[in-house]
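# Observations on the three-dimensional arrangement
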Amino acid sequence: MLGHQPAKRSITATAVTVVGNLLPLWGVWFGDLAVGSLLVIYWIEGVATVLFATVKALLARQGSPDVTRIEPLSELREKRGGVSLRPGWPPVYPRNVPFALSVLGLWTATVVPLAAAYWFVVAPPVRLTPVLALGIAGLLGAQSREFLFDFLGDSEYTDTSAREILLEPTQIALLMAILGFVGVANERLGGPLVLSALVLVKTGATLYRLFAAHPALPLPDRLAGRFTDEDLAEPAPEIDSPTGEPRSSIAVASSPVLLAALPTVAVGFLHRGVLAVFALLGLATLVGGPVWLVPCLAVVLGIAAARIGSYYLRYGTIEYRRYEACLVAHDTLLDAPQWVVPVGGATFSVRNAATDRLLGTGTLDIQRLGSNDGSVQLGPVPDLDAAVETLDLPVVETDRPERDTAVTVAALSLALSLLVVPAGLAVSPAISGVELTGLAVVVGPLFMIPVGILVWVALRWS
């Protein structure tokens, strides 16, 4: 790697960051830098910050505490291990993908449309002057230097977490929002004093993040303690696994994993941004505009593919290995254990999964005795009886629960009743084909979610 003398590099990083962030201040007082120009500088820096932060988040080795909100592809948060895209490169950790997608989603759903609306409504005059170009170059240069020499060169990715990294894009987004309000509220508010204050606040926030990320900086102890983010990082979530060759092993069955991934696609559509895409898709269908129709379809298909791929990566690359006293779920793609369960200290039960009924496969739920961490799953495997025998598991009964005809009939009846209205609209002469297509695109996904759930319940007990 490139790293040497990290303390001197951290001091250099501080100097470069200060100079790069204060260049717009010089432009405000001596270069006639207005609100619009300052917003351009921070917009370009913000885009670079988001891109750098996304890459950094994927490479961050330390663990991130759980968050209360539902993140995109949240099932990957339980994934352990990483994969190096090239020898000598730091590994990419799938467990950090939800955080990386969160910051991209934040900018795509908020900053990008707000910025577009600002430039469309206010249309501030902006000229590419040497001062503007110098301000952009200074900020981008500081970020590039920090990423190449500090984050990669000094291997800072080994002692940082994804949640720590994603604070900076949030700060940039807040600053841009304040700048936008200043420009919209009154041009007189965009005077040198107000703009200088914003530049200084932004510089201070950037330095705060720099001090938090570089403990080697020579700061007094009473100040150094203020720049720690202990609540945003935790030890790397590594799992100790037995060494040596296992007694036996069995691989997961791919087909039921892919089939079980289909219902998760509906979960991916339950998001405000995705619903807005569906609305645009319906509008484009009604007006027949390919300019919006193609990208909206691409977004919808991309979300579906991401949900299926994420679910498959979570469950479809697992090999279950039996050692002397424990059972290990080992990911063959990442070459890392996902969980370890002592066979004698766990209870096993057969899962009543719809995919297993359809394909004849089997899945076990495993609960650690005396643990409240929740259960883990073994499977789906092609033959549950053979898997129990091969792995020598203490499972006596491998049959799924008996079919419940009453539940099946009730679920299918409710599903059919929900389909009466769209079926009536489809055959109604009062609605044109274009209108019907638009309704199907806009309302169809939301309407089909309860229908899909009911059909899934019926399959589980059929």
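Predicted, not measured: the structure shown is a model, and the values here were computed from it.

Right, let's talk about the overall build of the protein for a bit. Looking only at helices and strands, the protein has 17 helices and 7 strands in total. Each of the 462 residues in the protein was classed as buried or not, and the buried ones make up 44%. Put simply, 72% of the contacts in the protein that link residues at least 6 apart link residues at least 24 apart. As presented, the protein carries roughly 23800 Å² of accessible surface, and 67% of it is formed by carbon and sulfur atoms.

Before going further, it helps to spend a moment on the nonpolar core. Side chains of nonpolar character tend, in soluble globular proteins, to be buried together. Membership of the largest hydrophobic core comes to 28 residues, with the highest contact counts inside it found for Tyr320, Leu327, Leu364, Ile366, Leu378 and Leu393. Counting residues per element, this core draws most heavily on helix α13 (residues 384–391), which supplies 4 residues. Ignoring any residue separated from it by four or fewer positions in sequence, one finds Leu378 in contact with Tyr320, Leu327, Gly362, Thr363, Leu364, Ile366, Leu391 and Leu393. The next biggest cluster of nonpolar side chains, apart from the first, holds 19 residues, and it includes Val50, Ala57, Val92 and Ile165.

With that settled, the discussion passes to the pattern of salt bridges. If the charged atoms of two oppositely charged side chains come close together, the side chains can form a pair. As enumerated under the stated definition, the model contains 7 salt bridges in all. Across the pair Glu146 and Lys56 runs a salt bridge, and its minimum N-O distance is 2.6 Å. Note that Glu146 is positioned in helix α4 (residues 130–152) and Lys56 in helix α2 (residues 35–59), a separation of 90 residues in sequence. Across the pair, exposure class does not vary: Glu146 and Lys56 are buried alike. Salt-bridge contacts for Arg307 lead to Glu75; the nearest nitrogen and oxygen are separated by 3.7 Å. With Arg307 in helix α11 (residues 290–315) and Glu75 in the loop between α2 and α3 (97–121), the pair connects residues that are 232 residues apart, well separated along the chain.

Further remarks concern unusual backbone geometry. Going from Gly379 to Pro380, the amide bond is cis rather than trans, its omega being 5 degrees. Note on placement: Pro380 falls in strand β7 (residues 376–381). A positive phi angle, close to 55 degrees, is found at Asp335, a residue other than glycine. Relative to the helices and strands, Asp335 resides in the loop between β3 (326–331) and β4 (336–342).

Cut-offs applied
- Residues numbered from 1 in each chain as written.
- Predicted model: local features only at pLDDT ≥ 70, side-chain atom pairs only at ≥ 80, totals over all residues.
- Heavy atoms only, no water.
- Helix = DSSP H or I, 4+ residues; strand = E, 2+ residues; numbered from the N terminus.
- Buried < 20%, exposed > 50% of the residue type's maximum accessible area, 1.4 Å probe, protein only.
- Contact = heavy atoms within 4.5 Å.
- Areas by Shrake-Rupley, 256 points an atom, 1.4 Å probe, with all protein chains shown as cover.
- Core = buried A, V, L, I, M, F, W, Y, C linked by side-chain atoms within 4.5 Å.
- Salt bridge = Lys/Arg side-chain N within 4 Å of Asp/Glu carboxyl O.

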